[in-house]
Each structure stands twice: as structure tokens, then as C-alpha cells.
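# Inside the fold
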Amino acid sequence: MLNTFPSDGLDLGLVDFLSLEGTGRDVFRGWCHEGLPLRAFGGQVAAQALIAAGRTVPEGRTVHSLHGYFLRAGSTALPVVYRVERLRDGGSFVTRQVSAEQDGEVVFTLSASFKSAERSYDRQPVMPAAPDPAALPDLYEVWAAHDREDLEQQMYRHALEVRRAPDPAEPSSPGATEQKLWIRASGKLPDDPLIHAGSLTYASDLFLAPTAALAVEPPRPLRGRPSAVYLTSLDHAVWFHRPFRADEWLLFSQRSPSSSDGRGLAFADVWSRDGRLVAHVVQETVLRPLREPRR
């Protein structure tokens, strides 16, 4: 059985990449496109696992956090089966655990917590300075100038618009690496908050690992040459703070404070265009020279 996505992706959007087929009680099936050649994009697997969990949650509960582990490389030639376990249905909080399986093996696990909205204390820092997305070039146009063939292999270009801010003259903290990107879905999304949370989860896996590698090489759209490092996500966590729309510009202010022991750690603060802190993302990744054996 082959992946049902058309090879060029022209007729697909972000909602298509998040869509799942129910195959039984708390069991869902989806397809994933490539992140690396013949390997399913991890952000899509995480997003689909979140959608699967959310489809079993009572109405009125929205996700506030998720934690996932990438255990094996997913294949694009097989469907991913998502099995949801209902761990807790409380008065305020609902917890789900999801196993993403291919060919009888678990490739990814997700724990997600959902809650009902409530009024409480509200504070946040000031949004960092960043150029307006309208003033920045389309990242895909920049990428095409370096390597159009490489760009055309990236399925997410059909689902997301991306603008990248210029690198700062100096990092805000010596020894750290950082980059800022504006990202939004291409086209209007449904009003379902779960779709918007899944969309942010999908987008959040695109540039975090490269942030950890910025001390070694520029990100792929700017590089114009093969990578010198091996990158693959180990785990991924998202905390959702405030309502947002993923079809409106979101600033991913990303930084990596550390790389050591063949691993890199990266964070993203996610802001709405009007200055609301809507989410935090944390990821640990394998970060090795290509000459070393892979995990």
C-alpha cells in the first residue's frame, strides 16, 4: 500500500496533513510526508498524534501541553496507526496517551493534557523585537535561489508560509544560537482549536533542530550545500498558554543554549503578531558530525 499523497502536494494543505481516518474506538490512521528522504516528518507525526488524542476528549477541553518521544524513524510508505489510551477524565483536566505504530512497532509516543478554560492570573514578558513579516522576504524564494530542486522536495511548503528575520550581530547570550521566524498556515483554517494546536505542533518541529546546529552551519534554506551534521529529534514538548490562530502570523523566537554529548537543546517562544505569548516549545535532538555512526 502506497502513500496516497500526490507527489507534488499541490492540491494539499495543512488540514490534509493533519487528517486522520477513524478505524475503531480510539484508533486512527494517517499518512505522513517526508521530512528526510523516505522518513516521515516528525512534526507531522506529533501533530497527528495530538489530533488523535483530541478526538477522544469531551467538548470544551483544549490542549495545554504535550510531551512526545521519537523512538524510531517513521516510513512514508506505510500508514501510521494511532492508538489512544484514556488515562484520566477529571473535572478540569483530561489526559491521553498515544502510541503511533507502523508495522507492529511503536515509532512515537505522546502524552497530552487538556483542560477547560478558566479565569485566573495572567502575566507574560514583553514580546522581543522582530521585523514585521510583511517586511521580510519569502523564505522559499530565498531557498529557491540557492537550490530550487531541494526546495521542491519539501512538502511543507504547500502548507506553511515562512519569513525569517536576519541574524543578530551578536547572540543575546554568549555561547547561545538563535533565530526568529514568522510562520502561518497557507490559507484559512477551520475554527476548531485542535486544528490550530496541531498546526502549531507541525510547524514547531521544522526549525528547532537546525537552531541547535547554527554554530556549525546555516539552516538548510540558506546553505546551498549538503549538511555537515546529522540531526534527528529525540523528544518534543509544547505548552499552550493562550488562544491563537495558526493561519495568522506567529513569531517563533528560537534559541539553543547548549550542545554536548552528541545532543542539542533548543527552545522556541511563540508569539502572536499583537504580542501575546501563545506557546513554548522545547526539543532535544541528536547533533553529530555526519562521519559518526547514526543512532
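Please refer to the structure higher up on the page.
This part covers the overall build of the protein chain. Summing up its helical and strand segments, the protein chain has 6 helices and 14 strands in all. Taken along the three principal axes of its C-alpha coordinates, the protein chain extends 50 × 50 × 40 Å. Looking at the protein chain as a whole, 50% of its 295 residues are labelled buried. In the protein chain, the proportion of contacts linking residues at least 24 apart, taken out of those at least 6 apart, comes to 71%. Per element, the accessible surface of the protein chain, about 14300 Å² overall, is 51% carbon and sulfur.

It is worth spelling out the sheet that holds strand β12 (residues 250-260) at this point. If you trace the 12 strands from one edge of the open sheet to the other, you get β1-β2-β6-β7-β8-β5-β11-β14-β13-β12-β10-β9, paired in antiparallel fashion. Strands at the two margins of the open sheet, each flanked by one partner only, are β1 (21-24) and β9 (160-164). Within the sheet, the average angular offset between the axes of one strand and its neighbour, ignoring direction, is 25°. When strand β13 (residues 263-272) meets strand β14 (residues 277-289), the two strands line up antiparallel, connected through 9 bridges. Opposite Arg263, over in β14, you have Val286 as the bridge partner. Docked against the sheet, helix α2 (residues 42-54) engages β2 (27-30), β5 (61-70), β6 (80-89), β7 (93-102) and β8 (105-116), running at close to 50° with respect to β8. Contacts from helix α3 (residues 139-152) reach β9 and β10 (177-185) within the one sheet, and its direction differs from that of β9 by about 80°.

We now examine empty space enclosed by the protein. Taken as a whole, this structure holds 1 cavity of 30 Å³ or more when the rule is applied. Each pocket or cavity is described by its volume, and for the largest cavity that value is around 50 Å³. Around the largest cavity sit Leu14, Leu160, Ile183, Arg184, Ala185, Ser199, Leu200, Ala203, Ala246, Leu250 and Phe252, which together line it.

Below, the discussion takes up the pairing of β14. Taken across its 13 residues, β14 has 10 buried, putting it largely inside the fold. Between β13 and β14, which pair antiparallel and follow one another directly, the connecting turn spans 4 residues, one of which, Gly275, has a positive phi of 95°.

This part takes up the layout of surface pockets. Reported here for the second largest pocket is a volume of approximately 860 Å³. Taken together, 23 residues form the lining of the second largest pocket, with Lys115, Phe240, His241, Arg242 and Pro243 sitting closest to its centre. In the lining of the second largest pocket, the residues fall into 9 nonpolar, 6 polar and 8 charged.

This next bit is on α3. Between its first and last C-alpha atoms α3 spans 13 Å; for 14 residues at 1.5 Å apiece the expected length is 20 Å, and the helix comes up short by more than 12%. The largest bend along α3 measures about 115° and falls at His146. Looking only at α3, the buried set comprises Leu139, Tyr140, Trp143, Ala144, Asp150 and Leu151. Close packing links the buried residues of α3 with β9, β10 and α6 (220-223). With a side-chain oxygen lying 2.8 Å from the backbone nitrogen of Tyr140, the N-terminal cap of α3 falls on Asp138.

Another aspect to go through is α2. The terminal C-alpha atoms of α2, which comprises 13 residues, lie 18 Å apart, in line with the 18 Å expected from a rise of 1.5 Å per residue. Counting buried residues in α2 gives 13 out of 13 residues, a clear majority hidden from the surface.

Let's shift gears to the nonpolar core. Within the largest apolar cluster, 66 residues are counted, with the highest numbers of intra-cluster contacts made by Tyr82, Leu160, Leu200 and Tyr202. With 8 residues, α2 is the single largest residue contributor to this core. By size, the runner-up hydrophobic cluster in this structure holds 7 residues, among which are Trp182, Trp249, Leu251 and Trp271.

We now examine the environment of Asp261. By secondary structure assignment, the location of Asp261 is in the loop between β12 and β13. Residue Asp261 is classed as exposed on the basis of its relative accessible area of 64%. At a separation of 3.3 Å, a polar atom in the side chain of Asp261 contacts the side chain of Arg263.

Enumeration according to the criterion identifies 7 aromatic pairs in this entry. Between Trp143 and Tyr156, the ring centres sit 6.4 Å apart and the planes meet at 45°, which makes this aromatic pair tilted. Remark: Tyr156 occurs in the loop between α3 and β9 and Trp143 occurs in helix α3; sequence separation between them is 13 residues. Look at Tyr156 and Phe207: their rings are 6.4 Å apart centre to centre, the planes differ by 85°, and that puts the pair in the edge-to-face class. Taken as a pair, Tyr156 in the loop between α3 and β9 and Phe207 in the loop between α4 (193-204) and α5 (208-212) lie far apart in primary sequence, 51 residues in all. According to the relative accessible area criterion, Tyr156 is buried, its value standing at 8%. By way of ring pairs, the aromatic residues Tyr140, Trp143, Tyr156 and Phe207 are connected into one cluster.

Conventions adopted
Residues numbered from 1 in each chain as written. Predicted model: local features only at pLDDT ≥ 70, side-chain atom pairs only at ≥ 80, totals over all residues. Heavy atoms only, no water. Helix = DSSP H or I, 4+ residues; strand = E, 2+ residues; numbered from the N terminus. Buried < 20%, exposed > 50% of the residue type's maximum accessible area, 1.4 Å probe, protein only. Contact = heavy atoms within 4.5 Å. Areas by Shrake-Rupley, 256 points an atom, 1.4 Å probe, with all protein chains shown as cover. Pairing = 2+ DSSP bridges. Axes fitted to C-alpha atoms, helices over the stretch in contact; angles between N-to-C directions. 1 Å grid on protein atoms, 1.4 Å probe; cavity = no way out; pocket = protein on both sides within 12 Å on 5 of 7 lines; lining within 4 Å. Points joined across faces, edges and corners; volume = space filled by probe spheres on them. Nonpolar A, V, L, I, M, F, W, Y, C, P; charged D, E, K, R; others polar. Expected span 1.5 Å × (residues − 1). Bend = angle between axes of the 7 residues up to and from the residue. Polar contact = N/O pair within 3.5 Å; in protein donor to acceptor, adjacent residues only side chain to side chain. Core = buried A, V, L, I, M, F, W, Y, C linked by side-chain atoms within 4.5 Å. Phe/Tyr/Trp six-rings, centres within 6.5 Å; stacked < 30°, edge-to-face > 60°.

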